[in-house]
Amino acid sequence: MRALVTGGAGFIGSHLVDALAARGDRVLALDDLSSGRRENLARACDAGAELLEGSVTDEAALAEAFERGRPELVFHLAAQIDVRRSVSDPAFDLDVNAGATIKLLERARVAGVARFVFASTGGAIYGEGEGRDLPLPEDSDCRPDAPYGQSKYAAEGYLGLYRRLHGLATIALRLGNVYGPRQDPHGEAGVVAIFCNALREGRLPRVFGDGEQTRDYVYAADVVGAFVTAAERGGAGPYNIGTGVETSVIDLGRRIAAAFDREFEFEPAPARLGEIQRISIDPSLAGRELGWAAGQDLDRGLAITADWFRGD
Ligand SMILES: NC(=O)c1ccc[n+]([C@@H]2O[C@H](COP(=O)([O-])OP(=O)(O)OC[C@H]3O[C@@H](n4cnc5c(N)ncnc54)[C@H](O)[C@@H]3O)[C@@H](O)[C@H]2O)c1
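Okay, so let's go over this structure. Worth saying up front: this structure is predicted, and the values here are computed from it rather than measured. (Residues numbered from 1 in each chain as written. Predicted model: local features only at pLDDT ≥ 70, side-chain atom pairs only at ≥ 80, totals over all residues. Heavy atoms only, no water.)

1. Brief notes about the sheet that holds strand 6 (residues 170–175)
Thought 1: Taken together, the seven strands give an open sheet; going across it, the order is 3-2-1-4-5-6-11, and neighbouring strands pair in parallel fashion. Edge positions in the sheet fall to strand 3 (50–53) and strand 11 (239–241), since each of these pairs with one other strand and no more. In this sheet, adjacent strand axes meet at a mean angle of 20 degrees when their direction is disregarded.
Thought 2: Where strand 2 (residues 26–31) meets strand 3, four bridges bridge the pair, whose relative direction is parallel. By the bridge assignment, L30 is partnered in strand 3 with L52.
Thought 3: Sitting on the sheet, helix 5 (residues 90–111) is in contact with strand 1 (2–6), strand 4 (73–76), strand 5 (115–121) and strand 6, with an inclination near 165 degrees to strand 5. (Pairing = 2+ DSSP bridges. Helix = DSSP H or I, 4+ residues; strand = E, 2+ residues; numbered from the N terminus. Axes fitted to C-alpha atoms, helices over the stretch in contact; angles between N-to-C directions. Contact = heavy atoms within 4.5 Å.)

So this is what it looks like as structure tokens:
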């Protein structure tokens, strides 16, 4: 099939492009390379995928992407993903995460796209999980604690609207904390990448607060499987794409250190204001309706990621 992957030069997007190109799809990645890297697509481009450099906020770039790619499937992953930036510049965050999604939905509708799959967030859309029954299912209240989660929630609203109003087959995937090779260790999120990079460089990773904060870690290849399956099977969603398992920062650090054959030592740092204490998301609906489940064992996934950071 012909597929457009926005954010295709990024961490998750490039793995998705690899998977689509490997199965013979004609893939066009649209990315402004603000955090993505051309190198991430080197193998996919050898296999026939194309990269178009441009922003999803730019109508001219979108027009070119739809003209060149003539997509039957749209995977929309390009986003402003920096939570702190979303707090300091919420209008920019909204423009990229919700505004550009509306522009893409409109073009997808006009082009008669078969499926539109959107990367939403399971880690930031529900808000604080402490005091709630974890893991949270999709019908839990969405009470985002930052503009990032709110703009993704707004975008999800438009996906639902385009489904009702125009019959466009839209699906939102609420991703847990995704980890794996190619994740940017210089972002503020991506604790696995940040810890792996620190250990590789012989530095102590910093742990904020008591380190008991929990997240739902899901491996990138499993997430790619969810995108591919959602595009094949459809379904109204939104779907939680996680494991349902909580892992604390300290526990994660120990596991990553073990992958580097070390004890986990860290530099304590003050708790970060507004940081969620606990979250995990219930993936049963994706299991029932998409036949999807996360398959990667955490220690094995961390070992592969550690190897990648070491350059093995
Ligand atoms: N990594 C996670 O744990 C996680 C969790 C939940 C949701 N998500 C979502 O998954 C998607 C991919 O995230 P990722 O972790 O791969 O991050 P990433 O930063 O590696 O990927 C995002 C990509 O989008 C590109 N991009 C940013 N703004 C753009 C714009 N205006 N126009 C075109 N391209 C633009 C970047 O250059 C980058 O290649 C995002 O939508 C993110 O919100 C990620």
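2. Things to note about the site of the ligand
Thought 1: Surrounding the ligand, one finds 29 residues, the nearest of these being D31, S35, L77, Y148 and K152.
Thought 2: Note that a nitrogen atom of the ligand is positioned 3.0 Å from one of the side-chain N or O atoms of S55.
Thought 3: Alone, the ligand offers 820 Å² of accessible surface; in the complex the protein occludes 92% of this.
Thought 4: Counting residues per element, the ones that place at least two in the shell around the ligand are helix 1 (11–22), strand 5, helix 6 (147–166) and strand 7 (177–179).
Thought 5: If you tally residues by element for the shell around the ligand, the top one is strand 5, at three residues. (Near = heavy atom within 4 Å. Polar contact = N/O pair within 3.5 Å; in protein donor to acceptor, adjacent residues only side chain to side chain. Areas by Shrake-Rupley, 256 points an atom, 1.4 Å probe, with all protein chains shown as cover.)

3. Quick notes on the environment of E106
Thought 1: Along the chain, E106 turns up in helix 5.
Thought 2: What makes E106 partly exposed here is its relative accessible area of 28%.
Thought 3: Here the alpha-carbon distance between E106 and Y162, two residues 56 residues apart in the chain, equals 8.4 Å.
Thought 4: At 2.5 Å, the side chain of E106 forms a polar contact with the side chain of Y162. (Buried < 20%, exposed > 50% of the residue type's maximum accessible area, 1.4 Å probe, protein only.)

4. Description of the nonpolar core
Thought 1: One finds L16, F75, L173, L175, F227 and I241 to be the most contacted residues of the largest nonpolar core, which totals 39 residues.
Thought 2: Among the elements that line this core, the one with the most residues is helix 8 (residues 220–233), at eight residues.
Thought 3: Not counting chain neighbours up to four residues away, the residues in contact with L175 comprise I12, A119, S120, T121, G122, G123, V223, F227, I241 and I281.
Thought 4: In this structure, L52, A61, A108 and V113 belong to the second largest nonpolar core, which totals 23 residues. (Core = buried A, V, L, I, M, F, W, Y, C linked by side-chain atoms within 4.5 Å.)

5. Details of the packing of aromatic side chains
Thought 1: This structure, assessed with the given rule, holds five aromatic pairs.
Thought 2: Each ring, one from Y179 and one from Y219, has its centre 5.3 Å from the other, and the planes form 55 degrees; the classification is tilted. Highlighted residues: Y179 in strand 7 and Y219 in strand 10 (residues 217–219), separated in sequence by 40 residues. Per residue, the accessibility class of Y179 equals that of Y219, and both read buried.
Thought 3: Aromatic side chains F195 and F264 sit 5.7 Å apart centroid to centroid with 35 degrees between the ring planes, which places their arrangement in the tilted category. One end of the pair, F195, is in helix 7 (residues 191–200); the other, F264, is in the loop between helix 9 (249–259) and strand 13 (267–269), with 69 residues separating them in the sequence. F264 matches F195 in its accessibility class, with the two residues each being buried. (Phe/Tyr/Trp six-rings, centres within 6.5 Å; stacked < 30°, edge-to-face > 60°.)

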